[in-house]
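Residue-level structure breakdown
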Amino acid sequence: MAVARFSTGLAGLDAQLGGGVPAGSCHVVIGEPMNAQELLSYHFAAAGTAAGGTVFYTTDYTPDEVTAGLRRVGGKPERMAIVELPKDGDWKVAGPGKGVRIVVDSYSDLVLEWGWDEAFHQLRRLKEQTRKAGGNLFISCATGLHDEAQRTRLRQWADGVLELGFDRQGFGLYPYLKVTKLRGVPESSRFLLFKETEQGLFMESTKRVF
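Residues numbered from 1 in each chain as written. Predicted model: local features only at pLDDT ≥ 70, side-chain atom pairs only at ≥ 80, totals over all residues. Heavy atoms only, no water.

A word on the overall build of the protein chain. Helix and strand counts for the protein chain come out as six helices and eleven strands. When the 210 residues of the protein chain are sorted by exposure, 53% land in the buried category. Within the structure as shown, the protein chain displays about 9,900 Å² of accessible surface, and the carbon and sulfur contribution to it stands at 51%. (Helix = DSSP H or I, 4+ residues; strand = E, 2+ residues; numbered from the N terminus. Buried < 20%, exposed > 50% of the residue type's maximum accessible area, 1.4 Å probe, protein only. Areas by Shrake-Rupley, 256 points an atom, 1.4 Å probe, with all protein chains shown as cover.)

Take a look at the structure:
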């Protein structure tokens, strides 16, 4: 039986993955802090507002900044609930709506607030709640704030791993997104170049396998 797919909010990435990411899956975006990581979160959130709705957990941005970011990439703020960093460590999916999209920006800040063990415990709870709702969970994580063992644990735990970086060629610096793991998608490894535009990120649809 075919698994339902949800859009990532980026047409180029969706094309690479055969229509998007599987329903009920959890994905980690790992990279150095840069605009692309923030914009990816907004694209993921915008795709959710076009479907079952989005809950956006923000640790570093005000609700007004998140709303502005969503509008920039064409999302619908009226279909998104914005939740600032919960001090009690208790995350709950806002409503049982089928297909809800959960975005956590950023998990690294939650680790700084609560410590690794508590943050990861709550992340596991949130993943289970998201799966029961038949939606998707996207988590942003900064590379330099975690040791290799912690990053490996996240990679093993997640259904999908997307890594942001720069490809240096001569004097040129080219930003890329690398898909290193995606359960339920055959031959999921991909390498995609992208650029930032006024409407967010533009990602090429040319297939590059690494």
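On to the side chain of Ser 25. Counting through the fold element by element, Ser 25 comes out in the loop between strand S2 (21-22) and strand S3 (26-31). Once residues lying within four places of it in the same chain are set aside, the contact partners of Ser 25 are Gly 135, Asn 136, Leu 137 and Asp 159. (Contact = heavy atoms within 4.5 Å.)

Let us now look at the nonpolar core. Ranked by size, the top nonpolar core spans 30 residues in total, and within it Leu 13, Leu 40, Leu 164 and Leu 177 carry the most contacts. When contributions to this core are tallied by element, the ones reaching two or more residues are helix H2 (35-49), helix H3 (63-72), strand S8 (160-169), strand S9 (172-182), strand S10 (190-197) and strand S11 (200-203). Per-element tally for this core: the top contributor is H2, with seven residues. Here Leu 164 is in contact with Val 29, Ile 30, Gly 31, Met 34, Ala 36, Gln 37, Leu 40, Tyr 176, Leu 177 and Phe 194, once residues within four sequence places are set aside. Formed by 26 residues, the second largest nonpolar core is a distinct cluster that contains Tyr 57, Leu 110, Trp 116 and Ile 139. (Core = buried A, V, L, I, M, F, W, Y, C linked by side-chain atoms within 4.5 Å.)

Attention shifts here to the pattern of salt bridges. Oppositely charged side chains can pair when the atoms bearing their charge come close. The tally for this structure, following the rule as stated, stands at six salt bridges. Between Glu 163 and Arg 155 there is a salt bridge; the shortest N-O distance is 3.6 Å. Look at Arg 155 and you get partly exposed, because its relative accessible area is 22%. The shortest N-O distance in the salt bridge between Asp 159 and Arg 183 comes to 2.8 Å. (Salt bridge = Lys/Arg side-chain N within 4 Å of Asp/Glu carboxyl O.)

A separate point is the sheet that holds S10. In sheet architecture, strand pairing relies on hydrogen bonds along the backbone and comes in two forms, parallel and antiparallel. Pairing is mixed in the open sheet, where nine strands are placed in the order S5-S4-S6-S7-S3-S8-S9-S10-S11. The sheet is open, and its two borders are formed by strand S5 (80-84) and S11, each paired with just one other strand. Strand-to-strand twist across the sheet, computed as the mean angle between neighbouring axes with direction ignored, equals 25°. Where S3 meets S8, four bridges bridge the pair, whose relative direction is parallel. Across the sheet, residue Ile 30 finds its bridge partner in S8, namely Glu 163. Across the face of the sheet, H2 comes into contact with S3, strand S4 (54-58), S5, strand S6 (101-105), strand S7 (136-142), S8, S9, S10 and S11 while running at roughly 160° to S6. Along the sheet, helix H5 (residues 116-132) makes contact with S3, S4, S6 and S7, crossing S7 at roughly 155°. (Pairing = 2+ DSSP bridges. Axes fitted to C-alpha atoms, helices over the stretch in contact; angles between N-to-C directions.)

Attention now moves to helix H6 (residues 148-157). Taken as a whole, H6 has its buried residues at Gln 150, Arg 151, Leu 154 and Trp 157. One side of H6 carries all its buried residues, which in axial view fall inside an arc of 130°. Among the exposed residues of H6, those pointing more than 90 degrees away from its buried face are Ala 149 and Gln 156. Next to the buried residues of H6 lie S3, helix H4 (107-114), H5 and S7. The distance from a side-chain oxygen at the start of H6 to the backbone nitrogen of Ala 149 is 3.2 Å, and the residue carrying that oxygen is Asp 147. (Arc of directions from axis to C-beta. Polar contact = N/O pair within 3.5 Å; in protein donor to acceptor, adjacent residues only side chain to side chain.)

Attention shifts here to the confidence of the model for the protein chain. Counting all residues, the mean pLDDT for the protein chain is 85, and 89% of those residues have values of 70 or more. Ranking the helices and strands of the protein chain by mean pLDDT puts H3 first, with 95, and S9 last, with 86. (pLDDT = per-residue confidence, 0-100.)

Each packed pair of helices is defined by two parameters, the angle between the axes and the distance between the axes. For the pair H4 and H5, interaxial distance at closest approach is 7 Å and the crossing angle is 130°. For the element pair H4 / H5, the angle class is oblique. Between H4 and H5 lies a crossing of right-handed hand. On H5, the residues touching Tyr 107, Leu 110, Val 111 and Trp 114 of H4 are Trp 116, Glu 118, Ala 119, Phe 120, Gln 122 and Leu 123. (Parallel < 35°, antiparallel > 145°, perpendicular 65-115°, else oblique. Left-handed = near helix turned anticlockwise from the far one by under 90°.)

Let's shift gears to the packing of aromatic side chains. Evaluated as defined, the whole model comprises six aromatic pairs. Here Tyr 42 and Phe 56 contribute two aromatic rings whose centre-to-centre distance is 5.8 Å and whose plane-to-plane angle is 25°, an arrangement assigned as stacked. Remark: Phe 56 occurs in strand S4 and Tyr 42 occurs in helix H2; sequence separation between them is 14 residues. Residue Tyr 42 shares its accessibility class with Phe 56, and that shared class is buried. Ring geometry for Phe 44 against Phe 138: centres 3.9 Å apart, planes inclined by 20°, an arrangement best described as stacked. Placement of the pair is Phe 44 in helix H2 and Phe 138 in strand S7, with a sequence separation of 94 residues. For Phe 44, a relative accessible area of 1% puts it in the buried group. (Phe/Tyr/Trp six-rings, centres within 6.5 Å; stacked < 30°, edge-to-face > 60°.)

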